[in-house]
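Each chain is listed here by its residues.
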Amino acid sequence: MKNLSEREQAAVIFSRSMVLIAIFFVVIAAMIISVLMGSERPALTTVLVKQNVSESLPVTDDYTWKAPDESTIPMGEVGEEIRYGKELISNTAKYLGPKGSVAQIANVMNCQNCHHEAGTKDFALNYAAVKSTYPQFKARSGTLVSIADRINGCLERSLNGSGLDTNSKEMLAMIAYMKWLGKDVPDRIRPKNAGIMKLAFLDRAADPLKGKVVYLGKCKTCHGNTKNYPPLWGENSYNDGAGLYRISNFAGFVKNNMPFGASYQHIVLSDEEAWDVAAFVNSQPRPHKDQAEDWKDLSTKPIDFPFGPYADNFSEEQHKYGPFEGIARAHKN
Ligand code: HEC
Ligand code: HEC
């Protein structure tokens, strides 16, 4: 500013100051707007997650799901399909069981026996993450799995039956219901309260004998009566290829849901009781499923998968009952 008069210098300084002040206000305004629009944050997370689409495992977020109110199911054909899907989930055996009115392809159980309240209850195997995370890569089959494939997986294993035609009215209705349940969940997000809440490992093997004591004291009054309650084992129960046959799934499910009336906010069983009763129930006889085609890549078998061969040197016995800490550590290395 050497060649400028004092007046000109003052003018330059003044205009530069104005520019700085203007920038200052723009920054402050941007900060205020971003605070006010706090709801932008999950969207941003979604964008970041979407860039990582090659990661096929569902992404867990701090998103908590709430099932939409049933009264908001639309009227007309679309709504009818959703309602039929819900009815099939709640009263499966009536339509698909041994005396099913549509087909006889499954056992006496209903999807709802495990997916409580038609798949809407927190940590009771709800369907919160179905729309947002399927199709997804599954290590069990080594393939991309659609919602229809996953439903047939439960029909073949949890209901010890056979799958439905992918384009059947029943399959399309169940898919429509699940998509409606998950309609507000951002893509690729697995809500916090979806599925099963897993328990911390015990530092010992789960003990079927201790579990029998839990069963006799806290389960048998209902489950001993298989006319009125779903069976926990035997020919009408889930087969040994089902998700509940893995004791980490069983323990996590039962802890937050059994005895009937329990929930994650109202827990009855201790962790030990849940693990031990899981060991007891999954030591009882049940239908067998040929699983020779599963887990082609042995290193992806879950640590509590009870059938070898394994990619590690732990026994079938330890993979079934634990202790799991050592196996988990070996798998991380
Ligand atoms: C005996 C219990 C049981 C029954 C009955 C059952 N399921 Fe499942 N289902 C499970 C378990 C356990 C899982 C989770 C398994 C896992 O992830 O390893 C599951 C998972 C699912 C999933 C995937 C959910 C997700 O978030 O990835 C769908 C979809 C599903 N079941 C649909 C059904 C339908 C439809 C029926 C009835 C035709 C049914 N299930 C019956 C136990 C059951
Ligand atoms: C008061 C009765 C009652 C008691 C006690 C009870 N349950 Fe259940 N249980 C139910 C009912 C009812 C369902 C099915 C829920 C539905 O269809 O909505 C169920 C479902 C289940 C299921 C999933 C379906 C199946 O049959 O595989 C498991 C596993 C289970 N209970 C385990 C247990 C265990 C373990 C105990 C003891 C710690 C226990 N329950 C105690 C009533 C009971």
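Since the model is a prediction, treat every value here as computed from it, not as a measurement.

### A short note on the site of ligand 2
Alright, step 1. Near ligand 2 you find 24 residues, and of these C219, C222, P230, P259 and F260 are the closest.
Alright, step 2. Breaking the shell around ligand 2 down by element, the ones donating at least two residues are α5 (111-114), α10 (208-218), α11 (220-223) and α13 (271-281).
Alright, step 3. In terms of residue class, the shell around ligand 2 is made up of 17 nonpolar, 6 polar and 1 charged.
Alright, step 4. Here the shell around ligand 2 spans two domains, since at least three of its residues come from each of domain 2 (59-190) and domain 3 (208-332).

### Looking at the nonpolar core
Alright, step 1. The biggest cluster of nonpolar side chains holds 63 residues, and the ones touching the most others in it are M174, V277 and A278.
Alright, step 2. Elements with a minimum of two residues in this core: α3 (76-90), α5, α8 (147-156), α9 (169-181), α10, α12 (247-255) and α13.
Alright, step 3. Ranked by the residues each element gives to this core, the list is headed by α9, at 8 residues.
Alright, step 4. When residues of this core are assigned to domains, at least three map to each of domain 2 (59-190) and domain 3 (208-332).
Alright, step 5. In contact with V277, other than residues within four places in its own chain, are G211, V214, Y215, C219 and V254.

### Digging into α12
Every α-helical turn comprises 3.6 residues, leaving residues that sit three or four positions apart pointing alike.
Alright, step 1. Within α12, 9 of the 9 residues are buried, leaving the element largely enclosed by the surrounding structure.
Alright, step 2. Of all the positions in α12, only I247, S248, N249, F250, A251, G252, F253, V254 and K255 are classed as buried.
Alright, step 3. Here the buried face of α12 lies against α13 and α14 (316-321).

### Concerning the site of ligand 1
Alright, step 1. Looking at ligand 1, there are 24 residues lining it, with C111, C114, C154, S158 and G243 nearest.
Alright, step 2. A class-by-class count of the residues in the shell around ligand 1 yields 16 nonpolar, 7 polar and 1 charged.
Alright, step 3. Summarising the domain contributions, the shell around ligand 1 has at least three residues from each of domain 2 (59-190) and domain 3 (208-332).

### Some thoughts on the confidence of the model for the protein chain
Alright, step 1. With 84% of its residues at a pLDDT of 70 or more, the protein chain has an overall mean of 89.
Alright, step 2. In the predicted structure, residues 38-55 sits below a pLDDT of 50 and forms 12 contacts with residues beyond four places in sequence or in another chain.

### Section: the packing of α3 against α9
Alright, step 1. One can describe the packing of α3 onto α9 by two numbers: an axis separation of 7 Å at closest approach and a directional angle of 100°. Judged on the interaxial angle alone, α9 and α3 are roughly perpendicular. Contact residues: E81, I82, Y84, G85, K86, L88 and I89 in α3; E170, L172, A173, M174, A176, Y177 and W180 in α9.
Alright, step 2. Looking at the contact of α3 with α9 residue by residue, the classes come out as 10 nonpolar, 1 polar and 3 charged.

Parameters at a glance
Residues numbered from 1 in each chain as written. Chains lettered and ligands numbered in written order. Predicted model: local features only at pLDDT ≥ 70, side-chain atom pairs only at ≥ 80, totals over all residues. Near = placed C-beta within 6 Å. Helix = DSSP H or I, 4+ residues; strand = E, 2+ residues; numbered from the N terminus. Nonpolar A, V, L, I, M, F, W, Y, C, P; charged D, E, K, R; others polar. Domains from an automatic or database assignment. Core = buried A, V, L, I, M, F, W, Y, C linked by C-beta atoms within 7 Å. Buried ≥ 20, exposed ≤ 12 C-beta atoms within 10 Å, placed from the backbone. Contact = placed C-beta atoms within 7 Å. pLDDT = per-residue confidence, 0-100. Axes fitted to C-alpha atoms, helices over the stretch in contact; angles between N-to-C directions. Parallel < 35°, antiparallel > 145°, perpendicular 65-115°, else oblique.

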